Amino acid sequence: MSSGSLPQHARRVRERILRMVAASKSSHVGTALSAADLLVALYFKVMRIDPKRPDWPERDIGLLSKGHGCTALYATLVERGYADPKILEGFAVDGGTLWGHATWGTMPGVEAATGSLGHGLPLGLGMAIAKSSRRVFVLMGDGECDEGSVWEAALFAGHRHQENLVAIIDYNKIQSLGNTKDVLDLEPLAAKWKAMRWGVQEVDGHDPDAVAAALSKLPFESGKPSVLIAHTVKGKGVSFMEHSLDWHYKNPDEKQLAAALEELGCGSEGEEAPLPLKKRSSRRGSP
Ligand SMILES: Cc1ncc(C[n+]2csc(CCOP(=O)(O)OP(=O)(O)O)c2C)c(N)n1
C-alpha cells in the first residue's frame, strides 16, 4: 500500500486513470476522475478489508455499479495494495487482462462484473441479505439512477430495513449524452430516498476526508439502509475535462495527457510513473 493522505492517494489514482485511458485510447476518463475521491475514502478509510486477503470471509463488499468507470477502481485497488501496478498496463489493450468495464476475476478486489447499469444495487442488496453480518457498499452514477432496477432495489431495501446496505451516488450532474437534469431530472433526489425509508446524507464528493467522516457512522438512521449523495464534478482534477460531456467518451492525446499530469502535479513527490506515456496498439473500451 502506498503511504500518504487521502488527497495524495486520490492524486495518484487520478494519475493512473489518465495514463491507462491515454495508453489504451479508451473512454470514460471523466467518469473515473469523478469517482476517485469516493473510492479512495472507501478503500482507505471506510471499508473493513484486507488487501492481502481479498477473499477474507468477514470483509465488507465494494461494488462499482458504474462499471464503465473501472479505471478508477483498478487504480484504487493498486494504490491500496491489492495488486502490482504493472497489472494496469493490461487495461483495454490487445492481449490485455483488464477489460473496459469492471470484470470479476480479472484482479483481486473486484467483487462483481458491472457496467450494465442498474445492476449494482440489486446485486448488493442480495449480498446484504445473504451476508447480514457484513456491509455492502454500492457506488452508482446519477445517470444510472434512470434505471428502474435501482428504484426496485431501493424500495425493497427500505422495506426490509437493510441496515448493512450503503449506496453512494456519484452525483456529477452529467451522464453520457447530456446533463442529468435535462435527460431525466432526479430532483428532489434526497427526498425520494427518504420517502423509500433510507437514511440520507449529502457531502462534497471531492473531500475524501469528509466522505470518510460521513461514512464512519453507519447506518445513518437506525433500521434503515443508508445513501450518501456525493456532489461531484465529472472530470474532476483536470480543468479542461471538468464539467465536460466530451470527456465521457474522448481520450487524451499525448499533449493533453502531459498537460493533465502537470496540472495534477504528478512526479512532484518523487513517485514512479505507473505507465509509460507512449501509445500502444489498442482496443477501445465500449461505450
Ligand atoms: C443498462 C445500460 N444502458 C446503457 C448503458 C450505456 N451507458 C454507459 S455510461 C452511461 C451513462 C452513465 O451516466 P452516469 O451514471 O451519470 O455515470 P457518469 O459516467 O456520469 O459517472 C450509459 C447510459 C449501459 N452501460 N448500461
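Residue indices follow the written sequence of each chain, beginning from 1 at its first position. The predicted nature of this model means local features are confined to residues of pLDDT at least 70 and side-chain atom pairs, given and counted, to a pLDDT of 80 or more, with totals for whole chains, interfaces and linings taken over all residues. Heavy atoms from the whole structure form the basis of all side-chain values; hydrogens and water molecules are not counted.

Visitor: Requested: an account of the pattern of salt bridges, with residues and values cited.
Guide: Salt bridge, as applied in this entry: a Lys or Arg side-chain nitrogen positioned within 4 Å of an Asp or Glu carboxyl oxygen. Applying the stated criterion across every chain, the model contains eleven salt bridges. Close ionic contact of R14 with D37 constitutes a salt bridge, the shortest N to O distance being 2.6 Å. With R14 in helix α1 (residues 6-24) and D37 in helix α2 (residues 29-46), the pair connects residues that are 23 residues apart, well separated along the chain. Residue exposure (1.4 Å probe, protein chains only): buried if accessible area is under 20% of the type maximum, exposed if over 50%, otherwise partly exposed. Its relative accessible area of 7% is what places R14 among the buried residues. When the shortest N-O distance is used, the salt bridge between D170 and K66 registers 2.7 Å. The helix count covers DSSP runs of H or I at least four residues long, the strand count covers runs of E at least two residues long, and both are numbered beginning at the N terminus.

Visitor: Break down the pairing of strand β2 (residues 136-141) for me, citing the residues and quoting the values.
Guide: Counting buried residues along β2, six of its six residues qualify, which places the element largely inside the surrounding structure. Side-chain alternation along β2 places V136, V138 and M140 on one buried face and F137, L139 and G141 on a second face that is also buried. At least two bridges found by DSSP between two strands are what make those strands a pair. Where strand β1 (residues 61-64) lies against β2, four bridges are found, and the strand directions are parallel. Residue pairing in the sheet places G62 in a bridge with F137 of β2. When the strands point away from the viewer and the path from the first strand over the helix to the second turns clockwise, the crossover is right-handed. Each parallel crossover has a hand, and for β2 linked through helix α5 (residues 148-159) to strand β3 (residues 165-171) it is right-handed.

Visitor: Let's hear about the packing of α1 against helix α3 (residues 70-80): which residues, and what values?
Guide: Lines are fitted to the C-alpha atoms to define the axes, a helix being fitted only along its stretch in contact, and any angle between axes, read from their N-to-C directions, falls within 0 to 180 degrees. Packing of α1 against α3 leaves a shortest axis separation of 9 Å and a crossing angle of 130 degrees. Comparing their axes, α3 and α1 come out oblique. Between α1 and α3 lies a crossing whose hand is right-handed. Where α1 abuts α3, its residues H9, R12, V13, R16, I17, M20 and V21 lie against T71, A72, Y74, A75, T76, V78 and E79. Within the contact of α1 with α3, the residues separate by chemical class into eight nonpolar, three polar and three charged. We call two directions roughly parallel when the angle between them is under 35 degrees, roughly antiparallel when it is over 145, roughly perpendicular when it lies between 65 and 115, and oblique otherwise. Note: crossing handedness is left-handed where the near helix turns anticlockwise from the far helix by less than a right angle, and right-handed where it turns clockwise. Residues count as neighbours in contact if any of their non-hydrogen atoms are within 4.5 Å of one another. Polar here means any residue other than Ala, Val, Leu, Ile, Met, Phe, Trp, Tyr, Cys and Pro, which are nonpolar, and Asp, Glu, Lys and Arg, which are charged; Gly is therefore polar.

Visitor: Before we move on, could you go through the packing of helix α4 (residues 120-130) against α5 and cite the residues and values that matter?
Guide: Interhelical geometry of α4 versus α5 gives an angle of 25 degrees and a closest axis separation of 8 Å. As judged from the angle between their axes, α4 and α5 are roughly parallel. The segment α4 lies against α5, with L121, P122, L125 and I129 engaging S149, V150, A153, A154, F156 and A157. Here the contact of α4 with α5 is composed, by residue class, of nine nonpolar, one polar and no charged.

Visitor: Requested: an account of the site of the ligand, with residues and values cited.
Guide: Distances are taken per atom, and a residue is near a molecule or strand as soon as one of its heavy atoms is within 4 Å of it. Looking at the ligand, there are 17 residues lining it, with T31, K66, D142, I174 and K234 nearest. Here a polar contact is taken to be a pair of N or O atoms separated by no more than 3.5 Å, where protein atoms must pair a possible hydrogen donor with a possible acceptor and residues adjacent in sequence count only if both atoms sit in side chains. A distance of 3.1 Å is found between a nitrogen atom of the ligand and a backbone nitrogen or oxygen belonging to L117. Within the contact set of the ligand, an oxygen atom lies 2.7 Å away from a backbone nitrogen or oxygen of I174. For the ligand, whose accessible area on its own is 590 Å², the fraction buried by protein is 79%. Of the grid points, spaced at 1 Å and generated over the protein atoms alone, those admitting a 1.4 Å probe that cannot get out make up cavities, while open sets with protein on both sides within 12 Å along at least five of seven lines make up pockets; any residue with an atom within 4 Å of a point is treated as lining. Cavity and pocket membership follows a simple rule, namely that a molecule belongs there if more than half of its atoms are within 2 Å of the grid points. In a pocket analysis with a 2 Å cut-off to the grid points, the ligand is assigned to the largest pocket. Of the residues belonging to the shell around the ligand, the class tally is two nonpolar, ten polar and five charged. Only the protein chains shown count as cover for residues, and the accessible areas themselves come from Shrake-Rupley with a 1.4 Å probe.

It is worth stressing that arrangement in space is one thing and function is another; only the former is reported here.
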